[in-house]
Amino acid sequence: QFSMPKKPKKVSKKKELTYEEAHNKAFARFRKSSQILIWSGALNVLGLLISFVQLNSEPFLFNPFLCYASNNLIIRALTYIPGFSSYSVIWYVVSILVAIASSAGMIILGVFASQGKKYPLFIGSGIYLIDLFFVIPLVFVGESISNMWLSAAIHIIILVFLGFAIYEYFNIIKLAVKHKKI
């Protein structure tokens with residue numbers, strides 16, 4: 001019996017990354033994923049703007065998909081204070097200030113986290129995780145179940161990115177210890 005000769009397999013030798021190359025690669029992944037805090041702050045403001053455009057006969061509410069659930073609960077609670085009825089000028093101003101303050105805080109945390117600082121990353125992740133738990137009470141104050149699920153899904157996606165950033169942070173520390181840089 002005749003058979004074709006087999007070609008020898010090529011043994012690929014992957015180039016071992018230097019410490020600097022591995023560190024820079026891990027830091028780039030860390031930086032990209034930690035910038036999701038900046039985007040969450042921007043989405044919160046975008047949700048506010050969309051809510052203003054969607055005003056109709058029902059009271060003003062934050063867009064539940066893009067805004068922080070805690071903002072939505074705070075703004076809903078304001079309607080129970082005398083003088084803060086829906087559509088009042090004071091109520092609109094306070095709504096805008098709450099959204100801007102929470103967005104600015106998250107954007108600032110995101111900027112510092114993307115520079116490699118661990119505490120802003122951990123604080124921002126913790127705040128965002130707590131905000132995920134604020135999604136559930138929205139159903140009890142009149143938000144629809146479908147809005148709650150979409151908001152929870154967006155929160156979980158952002159938390160996955162933040163989890164990846166935390167993983168890369170510890171990966172950078174592991175590299176530094178392995179190469180005796182710390």
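As the structure is a computational prediction, the values presented were derived from the model and not from experiment. (Residues numbered from 1 in each chain as written. Predicted model: local features only at pLDDT ≥ 70, side-chain atom pairs only at ≥ 80, totals over all residues. Heavy atoms only, no water.)

> Any chance you could break down helix 2 (residues 36–53) for me, citing the residues and the numbers?
When the terminal C-alpha atoms of helix 2 are compared, their 25 Å separation across 18 residues agrees well with the 26 Å that a helix rising 1.5 Å per residue should span. Within the sequence span of helix 2, burial applies to Ile36, Leu37, Ser40, Gly41, Asn44, Gly47, Leu48 and Ser51. For helix 2, the angular spread of buried residues about the axis comes to 155°, placing them on one side. Opposite the packed face of helix 2, turned more than 90 degrees from it, sit the exposed residues Trp39 and Val53. Looking at the buried residues of helix 2, the elements they touch are helix 1 (19–34), helix 3 (69–78), helix 4 (89–114), helix 5 (118–135) and helix 7 (145–178). (Helix = DSSP H or I, 4+ residues; strand = E, 2+ residues; numbered from the N terminus. Expected span 1.5 Å × (residues − 1). Buried < 20%, exposed > 50% of the residue type's maximum accessible area, 1.4 Å probe, protein only. Arc of directions from axis to C-beta. Contact = heavy atoms within 4.5 Å.)

> Please give an account of the environment of Trp149 that cites residues and values.
Along the polypeptide, Trp149 turns up in helix 7. For Trp149, a relative accessible area of 57% gives the class exposed.

> Tell me about the pattern of salt bridges, residues and numbers included.
Applying the stated criterion across every chain yields a total of one salt bridge. The partner of Arg29 in a salt bridge is Glu168, with the nearest N and O atoms 3.2 Å apart. With a gap of 139 residues between them, Arg29 in helix 1 and Glu168 in helix 7 connect regions that are remote in the sequence. Look at Arg29 and you get partly exposed, because its relative accessible area is 32%. (Salt bridge = Lys/Arg side-chain N within 4 Å of Asp/Glu carboxyl O.)

> Break down the packing of helix 3 against helix 5 for me, citing the residues and quoting the values.
Packed helices, taken two at a time, are described by the angle their axes make and the gap between the axes. Relative orientation of the contacting elements helix 3 and helix 5 amounts to 55°, with a least axis distance of 7 Å. The angle between helix 3 and helix 5 falls in the class oblique. Contacts between helix 3 and helix 5 pair Ala69, Ser70 and Leu73 from the former with Asp131, Phe134 and Val135 from the latter. (Axes fitted to C-alpha atoms, helices over the stretch in contact; angles between N-to-C directions. Parallel < 35°, antiparallel > 145°, perpendicular 65-115°, else oblique.)

> How would you sum up the side chain of Glu168? Please name residues and give values.
Residue class for Glu168 comes out buried when judged on its relative accessible area of 2%. If we skip the residues at most four places from it in the chain, Glu168 touches Ala26, Arg29 and Phe30.

> Could you give me a rundown of unusual backbone geometry, with the residues and numbers involved?
The general pattern is negative phi for most residues beyond glycine and trans for most peptide bonds. The backbone of Lys180 shows a phi angle near 55°, a positive value even though the residue is not glycine. Mapped onto the secondary structure, Lys180 falls in the segment after helix 7.

> I'd love a proper account of the nonpolar core, names of residues and values included.
Counting residues in hydrophobic clusters, the biggest one holds 27 residues, and the most contacted among them are Phe30, Met106, Leu121, Tyr128 and Leu162. Going through the elements one at a time, helix 1, helix 2, helix 3, helix 4, helix 5 and helix 7 are the ones with two or more residues in this core. Among the elements that take part in this core, helix 7 stands out by supplying 10 residues, more than any other. Ile75, Leu78, Phe84 and Trp91 belong to the second-largest nonpolar core, a separate cluster that totals six residues. (Core = buried A, V, L, I, M, F, W, Y, C linked by side-chain atoms within 4.5 Å.)

> Which residues make up the packing of aromatic side chains, and what values go with them?
Overall, the coordinates contain seven aromatic pairs when judged by the stated rule. When the centroid spacing of 5.9 Å and the interplanar angle of 85° are considered together, the rings of Tyr68 and Tyr128 count as edge-to-face. Taken together, the residues span a long stretch of sequence, with Tyr68 in the loop between helix 2 and helix 3 and Tyr128 in helix 5 at a distance of 60 residues. The same class applies to Tyr68 as to Tyr128, namely buried. A centroid spacing of 6.2 Å and a plane angle of 20° characterise the contact between Phe122 and Phe170, whose relative ring orientation is stacked. Of this pair, Phe122 sits in helix 5 while Phe170 sits in helix 7; the two residues are 48 residues apart in sequence, bridging distant segments of the chain. Using a relative accessible area of 31% as the deciding quantity, one classes Phe122 as partly exposed. One aromatic cluster is present, built from ring pairs that chain together Phe27, Phe30, Phe122, Tyr169 and Phe170. (Phe/Tyr/Trp six-rings, centres within 6.5 Å; stacked < 30°, edge-to-face > 60°.)

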